[in-house]
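# Coordinate analysis (summary)
The residues making up each chain are set out below.
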Amino acid sequence: MSTSIEALAHHWAFAIFLIGTLALCAFMLTAGHFLGGRSKARAKHVPYESGIDSVGSARLRMSAKFYLVAMFFVIFDIEALFLYAWAVSIREVGWLGFIEATIFILVLLAGLFYLVRIGALDWTPIRSRRHVDGPSEVIKTNNNHPQ
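Let us look at the structure shown here. (Residues numbered from 1 in each chain as written. Predicted model: local features only at pLDDT ≥ 70, side-chain atom pairs only at ≥ 80, totals over all residues. Heavy atoms only, no water.)

## What to know about the overall build of the protein
How we decide: A helix here means a DSSP run of H or I that spans at least four residues, while a strand means a run of E at least two residues long, and both kinds are numbered starting from the N terminus. Residue contacts are counted whenever heavy atoms from the two residues lie within 4.5 Å of one another. All accessible areas in this document rest on Shrake-Rupley with a 1.4 Å probe, and a residue is counted as covered only by the protein chains that are shown.
Check the secondary structure of the protein and you find three helices and four strands. Counting helices and strands in the order they occur from the N terminus, the protein gives α-β-β-α-α-β-β. The contacts in the protein between residues at least 6 apart in sequence include a share of 33% that link residues at least 24 apart. Carbon and sulfur atoms form 69% of the exposed surface of the protein, whose accessible area is close to 13,700 Å².

If you want it as structure tokens, here you go:
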């Protein structure tokens, strides 16, 4: 078979797969519409989550720290995946792969130490952090919360 016929056959297989997938999705949506129950009630359109009726708006202001932690998790999780792939192929990569993985881990640790040093992982509110005053190393707490 020539390369153009193989490429055409490859694209036809993808087109058939795509058409089959879209047809299956359309079938599932229409079957659910016709087979599903229909009830008209006032409480039908009220959001219900975990047995608690919703109160107020869903538009909450979130701290940027939540997004930072999510990004840190994704970054370090991806690196763990790379290390897993390295561990699986340890016999093929030999000592050179071991040295490369060690350098990779050291770069990760340097990044983690940098994040700790700049305070990116510090979740304590500013008003309740401990402050060190002068050379006497006296530690005071600023606890202004009524109890």
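## Examining a nonpolar patch on the surface
So the rule is basically this: Patch membership is restricted to residues that have no salt bridge and whose relative accessible area is over 30%. Joining uses 9 Å for like charges and 5 Å for the nonpolar side chains Val, Leu, Ile, Met, Phe, Trp and Tyr. By definition here, a salt bridge exists when the distance from a side-chain nitrogen of Lys or Arg to a carboxyl oxygen of Asp or Glu is within 4 Å.
Together, Ile90, Val93, Trp95, Phe98, Ile99, Ile103 and Val107 line one region of the surface with nonpolar side chains, adding up to about 690 Å² of accessible area. Within the fold, valine 93 resides in helix H3 (residues 90-118).

## Let's talk about the packing of aromatic side chains
Quick reminder of the rule: Between 30 and 60 degrees the pair is tilted, below 30 it is stacked and above 60 it is edge-to-face, where a pair is any two Phe, Tyr or Trp rings, Trp via its six-membered ring, whose centres lie within 6.5 Å. Residue exposure (1.4 Å probe, protein chains only): buried if accessible area is under 20% of the type maximum, exposed if over 50%, otherwise partly exposed.
All chains considered together, the criterion is met by three aromatic pairs. Between the aromatic rings of phenylalanine 82 and phenylalanine 104, the centroid separation amounts to 6.3 Å while the plane-to-plane angle is 70°, which identifies the pairing as edge-to-face. Of this pair, phenylalanine 82 sits in helix H2 (residues 64-88) while phenylalanine 104 sits in helix H3, and the two are 22 residues apart along the sequence. Residue class for phenylalanine 82 comes out partly exposed when judged on its relative accessible area of 48%. Phenylalanine 104 gets classed as partly exposed once you look at its relative accessible area, which sits at 28%. Here tryptophan 95 and phenylalanine 98 contribute two aromatic rings whose centre-to-centre distance is 5.6 Å and whose plane-to-plane angle is 85°, an arrangement assigned as edge-to-face. Placement of both tryptophan 95 and phenylalanine 98 in helix H3 is noted, with a separation of three residues, approximately one turn of the helix. Residue classification places tryptophan 95 among the exposed residues on the basis of a relative accessible area of 67%. Following the ring pairs from residue to residue traces out a cluster consisting of Trp86, Trp95 and Phe98.

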